[in-house]
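Results of the structural survey
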Amino acid sequence: MLENNADWLQRSRILMGDTAIERLQQTHVLLAGFGGVGAYAAEALVRAGIGKLTIYDPDKVHLTNLNRQLPALHSTLDEYKVKVAAGRLPDINPGLELHIHPAALTVENIAQILDENRFDYIADAIDSINEKCLLLAQAHQRQINIISSMGAGFRLDPAQIRYADISKTCNCKLAKIIRGKLRREYNINKGIECVFSTEVPLPFPANNEANLIGSNSFIPGIFGLFMAAKIVNTLTADCR
């Protein structure tokens, strides 16, 4: 049994070493999206010891988020997701420097945000195509490390989740759209790392009148954990 005053990162230090933990504590991550994927990425990053986290998400918690999103509880319905983050994440690490923005990353503000801050890594969990591509392109042009989530919907098999360069993704309609737009509008063919699934997605139900993306409790979260793992392992690769 650990004493109450023990270092909360003691087990991480045993695994990774002091140098790696110090590196993470000095790291600033930009998280775009605090939903099914992004919230799990944020939680894992904070528990890993990331020192500074900036989150952009314009959405409030909706009833249909309850099946997969960490901020979604009956007690948090209609609250801004980043407000829930502000209550939860510093309760894990009170030393966390957390900046929350109940707003979207847009074509009007992305360049300015990247220019006015020094981000060591970006975790992209944006759904909207134009903003997603612009964020990827701006990060690529500035040589900022970025990991991007492709489509997690209509999938059930976690064993088919992979890392790949955007040029090597397959069986993902979102990734195909992103690849084409990056090539046509930004002359980018490769060099952006993604989390995606090789699983052929289940068919879109004909009776889905609300036009919702089918999802479950585990696939989006695993995408987010993959993103966090890539960030932590990349940043500390030379510390071990």
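Shown above is the structure to which this text applies.
Values in this document were obtained by computation on a predicted structure and should not be read as measured data.

**Examining the overall build of the protein**
Assigned secondary structure in the protein consists of eight helices and seven strands. Against the globule reference of 18 Å for 240 residues, the protein gives a C-alpha radius of gyration of 18 Å, in line with a compact fold. Counting only C-alpha atoms and orienting by the principal axes, one finds that the protein spans roughly 55 × 40 × 35 Å. Counting across all 240 residues of the protein, residues that qualify as buried make up 47%. Of all intrachain contacts in the protein linking residues separated by at least 6 positions in sequence, the fraction that spans at least 24 positions is 73%.

**Let's talk about the side chain of threonine 236**
Secondary-structure assignment places threonine 236 in the segment after α8 (219–235). Only 2.8 Å separates the side chain of threonine 236 from the backbone oxygen of valine 232, close enough to count as a polar contact. Apart from the residues within four sequence positions on either side, threonine 236 is in contact with Met16, Ala20, Arg23 and Leu24.

**Details of the sheet that holds strand β5 (residues 146–149)**
If you walk across this open sheet you meet the seven strands as β3-β2-β1-β4-β5-β7-β6, and the pairing is mixed. Of all the strands in the sheet, the pair left with one neighbour each is β3 (97–101) and β6 (161–165). Neighbour-to-neighbour, the strand axes of this sheet turn through a mean angle of 15°, independent of strand direction. Bridge count for strand β2 (residues 52–56) against β3 is five bridges, and the pairing is parallel.

**Comments concerning the nonpolar core**
Residues Phe34, Leu53, Ile55, Leu89 and Ile231 are the most contacted members of the largest nonpolar core, which totals 37 residues. Contributions of two or more residues to this core are made by α2 (18–25), β1 (28–32), α3 (38–48), β2, α4 (81–92), β4 (121–124) and α8. Examining the composition of this core, we find that seven residues originate from one element, α8, more than from any other. Setting aside anything within four residues of it in sequence, one finds phenylalanine 34 in contact with Ala39, Ala42, Ile55, Tyr56, Asp57, Gln69, Pro71, Lys81, Ala85 and Leu89. Counting 29 residues, the second largest nonpolar core, distinct from the first, contains Ile113, Ala139, Leu182 and Phe196.

Rules used throughout
- Residues numbered from 1 in each chain as written.
- Predicted model: local features only at pLDDT ≥ 70, side-chain atom pairs only at ≥ 80, totals over all residues.
- Heavy atoms only, no water.
- Helix = DSSP H or I, 4+ residues; strand = E, 2+ residues; numbered from the N terminus.
- Rg over C-alpha atoms; globule rule 2.2 N^0.38 Å.
- Buried < 20%, exposed > 50% of the residue type's maximum accessible area, 1.4 Å probe, protein only.
- Contact = heavy atoms within 4.5 Å.
- Polar contact = N/O pair within 3.5 Å; in protein donor to acceptor, adjacent residues only side chain to side chain.
- Pairing = 2+ DSSP bridges.
- Axes fitted to C-alpha atoms, helices over the stretch in contact; angles between N-to-C directions.
- Core = buried A, V, L, I, M, F, W, Y, C linked by side-chain atoms within 4.5 Å.

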